[in-house]
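The chain contents come next:
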Amino acid sequence: MSVEDTAERIQSMEVRGALRIAVTAAEAMLSEIMGGADIPSLERSAGVLKAARPSAVSLPNAVDYVLYLSRKHEDENTRIKRVEGFIESQRKARQKIAEIGSHLIEEGDVLLTHCNSTAATSVIKAAHSLGRKIRVFATESRPRYQGHLTYKDLSKAGVDVTLIVDSAVNFTLHEKNIDKVIVGADTVYVNGDVINKIGTSQVALAAHVNDVDFMVATESIKFSPQSLLGIQTQIEERDPREVADFAEQVFNPAFDVTPKEHIHQIITEYGVIPPEAAYHILKEHYSWRLEDG
Ligand code: RI2
């Protein structure tokens, strides 16, 4: 598929979810490399892909890493191998998160999740496949109802899952004795604050008030090197018609920022870290991006 088509599928959310966006964009760049694209044309493709969605840092991280590898390796076969290796490393990171995260889910746990994070659901499914008896409450996640995907995916895996409307979170937390909240991330800042689907910060606030653990499952590719430079990620505002087609004035932000004070743990492929340790992940694994511009 062409770079333009891939960007369009990401923008329209036909391809969505922070990791899937990143991997799909890297695959589009890989096709270009296989077609013999030179560095200037790869740079152009990277620009088109990065503009598709602004709030998931996994997208520029993946695209820029493919560019970095391409500049570093002139030989086409080596380039292809390295980019394929990078894409494979993302699949492995996901497996590792599921395995590590499953240790945090205990027998009898009642969980709540928001939106549709395949990182979060992979943790839940891994715990379920270990035989833990768990229940999950999943928010619908207006306006695009990604929670329906969560419901279908977890049901299919045999997990006991119940759908709730977004505004039922606070009530459900205490009424259903939720033990833990687990969500995904689109971007993790150097200070440990997390950007995720709109409403996540309200879920975290309610969890904080109800003294419920709040966990974020995320690959390190969603950590923001730009935040080391003090640059904030743009919060995407989407088409008002996603919310209502009759209203003249609609504000439709797709994401919000959950402060680190409301996050207990971040589950990454490198282990479970407190949000404050985001700095170390960035320094160790993403300094190439700052060097490369
Ligand atoms: P995974 C999604 O954004 C949600 O905010 C979700 O929590 C996050 O990406 C991470 O998704 P959108 O694409 O990579 O639905 O864990 O706007 O699947």
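Residues numbered from 1 in each chain as written. Predicted model: local features only at pLDDT ≥ 70, side-chain atom pairs only at ≥ 80, totals over all residues. Heavy atoms only, no water.

A. Local environment of unusual backbone geometry. The amide bond that connects Arg-142 to the next residue, Pro-143, takes the cis arrangement and shows omega of 0°. Phi is positive for Asn-177, close to 50°, though the residue is something other than glycine. Positive phi values are uncommon outside glycine, yet Asp-211 reaches one of about 60°.

B. Here's a closer look at the site of the ligand. The full set close to the ligand counts 20 residues, and Arg-16, Ser-117, Thr-118, Asp-186 and Asn-196 are the nearest of them. In the environment of the ligand, an oxygen atom lies 2.6 Å from a nitrogen or oxygen atom belonging to the side chain of Asn-196. In this structure, an oxygen atom belonging to the ligand sits 2.8 Å away from a side-chain N or O atom of Lys-197. Summarising the interface, the protein chains cover 100% of the accessible area of the ligand, which totals 450 Å² for the free molecule. If you list the elements that add at least two residues to the shell around the ligand, you get helix 2 (18-34), helix 6 (118-129) and strand 6 (194-197). Looking at side-chain class alone, the shell around the ligand contains seven nonpolar, seven polar and six charged residues. Split by domain, the shell around the ligand shows at least three residues from each of two domains, domain 1 (3-92) and domain 2 (97-291). (Near = heavy atom within 4 Å. Polar contact = N/O pair within 3.5 Å; in protein donor to acceptor, adjacent residues only side chain to side chain. Areas by Shrake-Rupley, 256 points an atom, 1.4 Å probe, with all protein chains shown as cover. Helix = DSSP H or I, 4+ residues; strand = E, 2+ residues; numbered from the N terminus. Nonpolar A, V, L, I, M, F, W, Y, C, P; charged D, E, K, R; others polar. Domains from an automatic or database assignment.)

C. Representation of the domain arrangement of the protein chain in the model. Domain annotation of the protein chain identifies domain 1 (3-92) and domain 2 (97-291). Summed over the three residues of domain 1 that lose the most area to domain 2, namely Arg-16, Ser-55 and Asn-61, the buried surface amounts to 30% of that side. Taken together, domain 1 and domain 2 are joined by one salt bridge. Between Arg-53 and Glu-236 there is a salt bridge whose closest N-O contact spans 3.0 Å. Summed over the shared surface of domain 1 and domain 2, the number is eleven residue pairs in polar contact (both at pLDDT 80 or more). When contributions to the side of domain 1 that touches domain 2 are tallied by element, the ones reaching two or more residues are helix 2, helix 4 (58-72) and helix 5 (76-102). (Buried area = accessible area lost by both parts, 1.4 Å probe. Salt bridge = Lys/Arg side-chain N within 4 Å of Asp/Glu carboxyl O.)

D. Fine view of the packing of aromatic side chains. Counting across every chain of the model gives two aromatic pairs. Members of the aromatic cluster, each reached through a chain of ring pairs, are Tyr-65, Tyr-68 and Phe-86. Here the guanidinium or amino end of Lys-197 rests over the ring plane of Phe-255, the centre of that ring lying 4.3 Å away. (Phe/Tyr/Trp six-rings, centres within 6.5 Å; stacked < 30°, edge-to-face > 60°. Lys NZ or Arg CZ within 6 Å of the ring centre and 35° of its normal.)

E. Representation of the nonpolar core within the structure. Residues Leu-112, Leu-173, Val-181 and Phe-214 are the most contacted members of the largest nonpolar core, which totals 61 residues. Ranked by residue count, the leading element in this core is helix 2, at ten residues. Shared between two domains, this core takes at least three residues from each, and those domains are domain 1 (3-92) and domain 2 (97-291). The residues contacting Leu-173, other than those within four sequence positions of it, are Leu-112, Ile-178, Val-181, Val-203, Ala-206, Ala-207, Asn-210 and Val-212. In this structure, Ile-105, Ala-127, Ile-182 and Ile-267 belong to the second largest nonpolar core, which totals 19 residues. (Core = buried A, V, L, I, M, F, W, Y, C linked by side-chain atoms within 4.5 Å. Buried < 20%, exposed > 50% of the residue type's maximum accessible area, 1.4 Å probe, protein only. Contact = heavy atoms within 4.5 Å.)

F. Spotlight on the pattern of salt bridges. Here the structure, examined in full by the defined rule, presents 18 salt bridges. Across the pair Glu-99 and Lys-96 runs a salt bridge whose closest N-O atoms are separated by 3.7 Å. Linking Glu-99 with Lys-96, this pair stays in helix 5, spanning three residues, or about one helical turn. For Glu-99, a relative accessible area of 42% translates into the label partly exposed. A salt bridge links Asp-109 to Lys-180, with the nearest nitrogen and oxygen atoms 2.6 Å apart. In this pair, Asp-109 sits in the loop between helix 5 and strand 1 (110-113) while Lys-180 sits in strand 4 (residues 180-183), placing the two residues 71 residues apart along the sequence. Judged by its relative accessible area of 6%, Asp-109 is buried.

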